[in-house]
Amino acid sequence: MLKQRVITAVLLLLVLLPALFYQDAAPFNFLALLFIAAAAWEWARLNGYELPASYLAGALCALTCAGLWWAGVLAQTLPQVWLVTGAVWVLLGSWVLRAGVPAWGQLNRSFRLGLGLLALVVTWLAVAQARLVGTNFLLSVFALVWVADIGAYFAGRTWGGRLVKRKLAASISPGKSWEGVWGGMVAVLLLAWAWTRFDVGTQATVPSFYSHLAERGAVFVVIACLFLAAMSVVGDLFESLVKRSAGVKDSSKLLPGHGGVLDRVDALLPSLPLAMMLYTF
């Protein structure tokens, strides 16, 4: 399993890194479109759709993203889109924590499919626009989610259950603790401090997400980072809820040793659009 994980990770980096740092954003945005289409295929399968409907869902997602790209939407500011997306994710997060796994399966299947496909399209829009802002900007948003996850893991392993006995969402993801969430938040704040110092020290031509936030003051940076760290947990819990409802451990086996695409991007689904919301406003 470890060998598989390493090989898959290396292959992904060999494909993604050249595109990420290429001067033109098009190659990276195209790869992101392919990954989002694969995630749409997984989403359809998780919600009970078999072949060919799941393939059709992936193709529909890809064509929608490509159509938006062709229409020039990537070059437009989309504050209303990000605001509505943010509101939906906040409400959805509250619902996930309250309703639990059984409630998801009771929703209309077509509604579940459409909700997921829409979330994936909006996520692709966010990642593509973030790449147009600059590589440093996009990486800083990615890093927020990664560091929040790593901080939560180590804090949960060390202090989980010692301060708060009640689990974060026992019926959805029994391993997650409130201490883990707080640890992830602290890690994100440290990351924001370090990255802003890095931008200043290197005189970065493209400021990071944190430097953009810092233009509005330190308090705004803290609030925004805590909010995004919390929403990355919501994304993770939401996918866990859907997988539990479907009775599977991984969204697919597309990435040997890592599960599926959704398993790797679940925390980014709310975080990227919300980061663009904060950047746009």
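Note that the structure is predicted; figures quoted are calculated from it, not measured.

Help me understand the pattern of salt bridges, please; the structure alone is not making it clear to me.
When the charged atoms of two side chains lie near each other, side chains of opposite charge can form a pair. This structure, assessed with the given rule, holds four salt bridges. Asp236 is the partner of Lys176 in a salt bridge, and the nearest nitrogen-oxygen pair spans 3.3 Å. Placement of Lys176 in the loop between helix 7 (135–159) and helix 8 (178–202) and of Asp236 in helix 10 (residues 218–246) is noted, with a sequence separation of 60 residues between them. Since its relative accessible area comes to 16%, Asp236 is described here as buried.

Is there a simple way to think about helix 7 in this case?
An α-helical turn contains 3.6 residues, so any two residues separated by three or four positions project in the same direction. Look at helix 7: 35 Å from first C-alpha to last across 25 residues, which is about the 36 Å you get at 1.5 Å a residue. Downstream of helix 7 by one or two residues, Gly161 has phi in the positive range, about 85 degrees.

It is not clear to me how a nonpolar patch on the surface should be interpreted in this structure. Could you clarify?
A surface patch of nonpolar side chains, about 460 Å² in accessible area, is lined by Val6, Ile7, Val10, Leu11 and Leu14. Ile7 gets classed as partly exposed once you look at its relative accessible area, which sits at 43%.

Explanation requested: the packing of aromatic side chains in the structure shown.
To describe a pair of aromatic rings, you give the distance between the ring centres and the angle between the ring planes. Throughout the structure, instances matching the rule amount to 13 aromatic pairs. Taking 5.3 Å as the distance between ring centres and 90 degrees as the angle between the ring planes, the aromatic pair formed by Trp104 and Phe238 counts as edge-to-face. Here the residue Trp104 occupies a position in helix 5 (residues 101–106), and Phe238 occupies one in helix 10, the gap between them amounting to 134 residues. For the pair formed by Trp104 and Phe238, the shared burial category is buried. Measuring from centroid to centroid gives 5.2 Å for Tyr153 and Phe154, while their planes differ by 80 degrees, and the two rings are edge-to-face. Following the ring pairs from residue to residue traces out a cluster consisting of Trp43, Trp89, Trp95, Trp104 and Phe238. For Arg109, the ring lying beneath its charged end belongs to Tyr49, and the centroid distance is 3.9 Å.

Please clarify how empty space enclosed by the protein should be interpreted in this entry.
Left-over empty space is what a probe sized like a water molecule reveals as it rolls over the atoms. Scanning the entire structure with this criterion turns up two cavities of 30 Å³ or more. The computed volume of the largest cavity comes to approximately 40 Å³. Lining the largest cavity, in full, are Trp43, Trp89, Gly116, Ala119, Leu120, Phe238, Leu262 and Leu269. Here the lining of the largest cavity takes three residues from helix 6 (residues 109–133), the largest share from any one element. In terms of residue class, the lining of the largest cavity is built from seven nonpolar, one polar and no charged. When its volume is computed, the second largest cavity comes out at roughly 30 Å³. Along the walls of the second largest cavity sit Trp43, Phe238, Glu239, Val242, Leu262 and Leu269, which together make up its complete lining. Residue contributions to the lining of the second largest cavity peak at three residues, all from helix 10. Counted by class, the lining of the second largest cavity contains five nonpolar, no polar and one charged residues.

Criteria and cut-off values
- Residues numbered from 1 in each chain as written.
- Predicted model: local features only at pLDDT ≥ 70, side-chain atom pairs only at ≥ 80, totals over all residues.
- Heavy atoms only, no water.
- Salt bridge = Lys/Arg side-chain N within 4 Å of Asp/Glu carboxyl O.
- Helix = DSSP H or I, 4+ residues; strand = E, 2+ residues; numbered from the N terminus.
- Buried < 20%, exposed > 50% of the residue type's maximum accessible area, 1.4 Å probe, protein only.
- Expected span 1.5 Å × (residues − 1).
- Patch = residues over 30% accessible without salt bridge, like charges linked within 9 Å, V, L, I, M, F, W, Y side chains within 5 Å.
- Areas by Shrake-Rupley, 256 points an atom, 1.4 Å probe, with all protein chains shown as cover.
- Phe/Tyr/Trp six-rings, centres within 6.5 Å; stacked < 30°, edge-to-face > 60°.
- Lys NZ or Arg CZ within 6 Å of the ring centre and 35° of its normal.
- 1 Å grid on protein atoms, 1.4 Å probe; cavity = no way out; pocket = protein on both sides within 12 Å on 5 of 7 lines; lining within 4 Å.
- Points joined across faces, edges and corners; volume = space filled by probe spheres on them.
- Nonpolar A, V, L, I, M, F, W, Y, C, P; charged D, E, K, R; others polar.

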